[in-house]
Structure formats: C-alpha cells, structure tokens
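One-letter residues, chain by chain:
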Amino acid sequence: MNSKARGSVEMTAAMMISGTIGWFVLYSGQPAMDVVFWRCAIGAPVLLAVCAALGLLRGHLTPRLLAFAALGGVAIVLNWLLLFAAYPRASISIATAVYNTQPFILVGLGALFLGERLTATKLMWLGLAFAGMLLIVQAKPNAGYIGSDYLGGILLALGAAFFYALAALVAKKLKGTPPHLIALIQVCVGTLMLVPFANLAQLPTSASSWGALVTLGVVHTGLMYILLYGAIQKLPTHLTGALSFIYPVVAILVDFLAFGHQLQPLQLLGTGAILLAAAGMTLGWSLRRVRVPVAGERVSA
C-alpha cells in the first residue's frame, strides 16, 4: 500500500471514529464537564506514550511552544465542553451541522487578526452557510425527539465552532511542530484546567459509563488523533478536506440509528447548505473554476 492510499485509509478511519463521539458522550450519562475531563485525563497517557516512542519529548519543548500550545489547549477544551453540552439539547445531527460553520469563523478571524483577504467566493459560501443556519434555527425538532433546549444547543454548537477556529488560529503559530506533541500538551492543559470542576467525589458507578469514558480517551483522543495526524502528513490538503466530510455524515447516521432522530425537511435543507458551503470553502471551489485550497486542514471534534 503506497503512502497516499495508507493516508486515505487513516483519514477515513479517523473521521468514522470521530463521527461516533456524540453517541459515546451521551451513552456515558455524565455531564459534559466530567466527560471532557476524563477524555483528557485518559487520553494524555496514550499520547504521552506515543510522543515518547517517537522521540518528541526532547528538543521540541520550548517556552514558545508550551505557551501557544497551552493557549490552543484552553480553546480546544472549551470547544469540547460546548459541543458535548449541545448534543443533548439540539441532537448530535444538528450540533454537528452547526459545528461545521467553523471554516467560516476561521476565515473571519483570519481577516481580523492576520489581514487575510475576503474574496467574493468566500463571501458567497459564507452567505450560503448563514442561510443554512437560519433554516435550522427556524425548524422544530420532530415529535420523536425531545431535546432540553433546541435553540440553546444551536448556540452552544456555534460557540464550540468559534473556539475550534480560535485553536486553529493559534496552531498557525506552531507550524512545523509535531502535531502529536501539540495534542499531548492540549489534553494535559485540559486535565489541569478541569480537575477543580470535575465531580471526583462521585465517580461513575456503572461499567457502561466507564467503558464509554475510556473509549473516548483511548480511541476518540489517542487513536483518532494518531490516525488523523498520520493522514495529514501523507495526503494533499484537498484530499484531507474532502475525506473530513465523512465525519458529519457518520454523526448524522449514528444519531438516526442510535436515537431515531431523523432530520426534518428544513433541518435537512439547512444542514445540506452548511455542509455544501463548508465543502466549497475547504476545497476551494469557485463559481468559475475548481482550485486546490490554500487554507489549513479541518479537524474533527
């Protein structure tokens, strides 16, 4: 198997794993704060072992790296907290669709802080995504699904997308740094950041809860990021971006199969508009021609 084919397999596996994260978050039965804490606390030793095996713990840990990676870690942890809190409120499908507005938030932040130019094509995709958001906000969940706060869930997912974009902006300052090391610093920051708030006095008592939490830490954090970063190193940017859309498709399918949540017509139309716009932005589609993108890769939850 050549490098490109192996990278495609790794990226596909990473996105399929990421697409199931909402199910494990809800199946754990734990508050979002505790889920994120255990994801970080369990994922950290896995990533530490990987970084040690790859020899990344020597010669890379500069004060500048630690500072920027820690700042990105705070943003990533807030991103996870808000996204996981959105799942029971608006459903996995809707939260994931709204979360995919992150490329547009990143473009806006790039224009504000990095002086990046807003083109007519980017504004067109932004308008389509905004229209999709309006359709989702105006839609109502079906009778078979009762979320605790539909609009609140949408706002939480938007907040998660903002903090992901912020983390991606910080990551631009760490170009050339081994991504496994960045991920390790981020989960270590998350563990320290959340330990004062985690409910350690009343630990989960069921095997199913612990099974879900361990899976989130080992599989959805350790293994998923190893596969993801391995794929990014082997694949061209446009193929990485294209395969990343496996994630929302799997998430919507899992939501339907596990919880019976079927998108209503307006929700389906709005979701399709957001994903189409995100694909256009990520892959550099234009009304006049298709070009290879110059933007950074999208990363899943």
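Nothing here was measured: the structure is a model prediction, and the numbers come from that model.

**Student:** How would you explain the overall build of the protein chain if you had to name every residue and give the values?
**Tutor:** Scanning the protein chain from N- to C-terminus turns up 13 helices and zero strands. Counting helices and strands in the order they occur from the N terminus, the protein chain gives α-α-α-α-α-α-α-α-α-α-α-α-α. Relative to the compact-globule value of 19 Å for 301 residues, the protein chain shows a C-alpha radius of gyration of 19 Å, a close match. Projected onto its principal axes, the C-alpha positions of the protein chain cover 50 × 45 × 40 Å. The contacts in the protein chain between residues at least 6 apart in sequence include a share of 89% that link residues at least 24 apart. Accessible area for the protein chain stands at about 13500 Å²; split by element, carbon and sulfur atoms hold 69% of it. Measuring between centres, the 17 positive side-chain charges of the protein chain sit 13 Å from its 6 negative side-chain charges.

**Student:** Break down helix 1 (residues 3–19) for me, citing the residues and quoting the values.
**Tutor:** Over its 17 residues, helix 1 runs 24 Å from end to end, which matches the ideal 24 Å to within 8%, given 1.5 Å per residue. Within helix 1 the residues assigned to the buried category are G7, S8, E10, M11, A14, M15, I17, S18 and G19. The secondary structure elements touched by the buried residues of helix 1 are helix 2 (21–28), helix 10 (207–234), helix 11 (237–243) and helix 12 (246–259). Two or three places before K4, at the opening of helix 1, N2 has a side-chain oxygen 3.3 Å from that residue's backbone nitrogen.

**Student:** Talk me through the environment of V187; I want residue IDs and the actual numbers.
**Tutor:** Within the secondary structure, V187 sits in helix 9 (residues 179–194). Note: C-alpha distance between V187 and G43 (144 residues apart in sequence) is 6.9 Å. Setting aside anything within four residues of it in sequence, one finds V187 in contact with C40, G43, A44, L47, W80 and T221.

So, how was this worked out
Residues numbered from 1 in each chain as written. Predicted model: local features only at pLDDT ≥ 70, side-chain atom pairs only at ≥ 80, totals over all residues. Heavy atoms only, no water. Helix = DSSP H or I, 4+ residues; strand = E, 2+ residues; numbered from the N terminus. Rg over C-alpha atoms; globule rule 2.2 N^0.38 Å. Contact = heavy atoms within 4.5 Å. Areas by Shrake-Rupley, 256 points an atom, 1.4 Å probe, with all protein chains shown as cover. Lys, Arg positive; Asp, Glu negative; His and termini not counted. Charge placed at Lys NZ, Arg CZ, Asp CG, Glu CD. Expected span 1.5 Å × (residues − 1). Buried < 20%, exposed > 50% of the residue type's maximum accessible area, 1.4 Å probe, protein only. Polar contact = N/O pair within 3.5 Å; in protein donor to acceptor, adjacent residues only side chain to side chain.

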